[in-house]
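# Secondary and tertiary structure notes
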Amino acid sequence: MQRRQGEDNWNIVVWMDHRAEVQAARINALSHPVLRNVGGKMSLEMQPPKLMWLKEHVYESCWKKARHFMDLPDFLTFKATGSLSRSMCSLVCKWGYQASEENGCYWDDSFWQSIGLQELVSDAYAAIGTDVKTPGQPCGQGLTVTAAEQLGLVAETAVACSMIDAHAGGLGSIGCNVDGDPFLNSLPLRCRLPVICGTSTCHMAISERSLFVPGVWGPYLSAMVPGFYTSEGGQSAAGKLLDHVIETHPAYGEVRDALQSTSSDVVRCS
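The following paragraphs examine the structure supplied in this document.

So, about the environment of K50. Checked against the element boundaries, K50 lands in helix α2 (residues 47-57). Judged by relative accessible area, K50 falls into the buried class, the value being 8%. Measuring from C-alpha to C-alpha, the distance between K50 and S110 comes to 18 Å, with 60 residues separating the pair along the chain. Once you skip the residues sitting within four places of it in the chain, K50 turns out to touch V13, V14, W15, D17, A20, L44 and E45. In this structure the side chain of K50 is engaged in a polar contact, spanning 3.2 Å, whose partner is the backbone oxygen of W15.

Turning next to helix α1 (residues 21-30). Three- or four-residue spacings in an α-helix give side chains the same orientation, since the helix completes a turn every 3.6 residues. Residues Q23, A24, I27 and N28 constitute the buried set of α1. The arc that holds the buried residues of α1, viewed along the axis, is 135°, so those residues lie on one side. α1 presents E21, V22 and A29 as exposed residues on the side facing more than 90 degrees away from its buried surface. With its phi angle positive at about 50°, S31 sits one or two positions after the end of α1.

Once that is clear, we can look at the pattern of salt bridges. Applying the stated rule across the entire model yields seven salt bridges. For the salt bridge of R26 with E56, the shortest nitrogen-to-oxygen distance reads 2.6 Å. With R26 in helix α1 and E56 in helix α2, the pair connects residues that are 30 residues apart, well separated along the chain.

Rules used throughout
Residues numbered from 1 in each chain as written. Predicted model: local features only at pLDDT ≥ 70, side-chain atom pairs only at ≥ 80, totals over all residues. Heavy atoms only, no water. Helix = DSSP H or I, 4+ residues; strand = E, 2+ residues; numbered from the N terminus. Buried < 20%, exposed > 50% of the residue type's maximum accessible area, 1.4 Å probe, protein only. Contact = heavy atoms within 4.5 Å. Polar contact = N/O pair within 3.5 Å; in protein donor to acceptor, adjacent residues only side chain to side chain. Arc of directions from axis to C-beta. Salt bridge = Lys/Arg side-chain N within 4 Å of Asp/Glu carboxyl O.

Written out as structure tokens, the structure is:
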């Protein structure tokens, strides 16, 4: 997690960091058209408010020094390949990147200028990504020699563009084959609704055209299935709710004590 002082060895902001609450509120007060793609309201867990917070709180020690800002999935492909390409999945879902069949793919200059991050515009978005790839596209020239040695693999092994964890799970679920059920297997992808469970529970649907629904994130072009729009909703506290059910059960204490003697732990869902 990025410390207030901005030391170089603390250069990560965790997705659930909520320090940018004020910045998110300022973004939402603008009612900029970019917000249509996030159901009308941007979450403080998305990247624009986090970037605002970094500029306003650690300007000298972090903001001025940083050359690139990226999501963890894109950082992993960068470490693996040396490529600064970004995932369409991460950018449209978390960064306010605009993508549609009607208007193409682009960063909206007016949005970044309106939230006080005009440096990103004047730098032609080099810090947040200009080489944008859809799921399945290769990154760079594959594994670098260094990454291959560290992973025990062969240099130049292909590395696919990254995806957000829930979207990767959604892609696997939406395209699965259901043994023994010809009816389900005959359904088009847009008639399937994956539910991805973890810290949050994400209901993920795709469509062939952009559908704007208040309070629902999306439509995100090619975020999960190339050429389709993704819409997602759900419960952000799902894991914690399951923890609450487990921990308030009358038998919780007895089970916890019994498991401690076996070096095990009660299952946690968040």
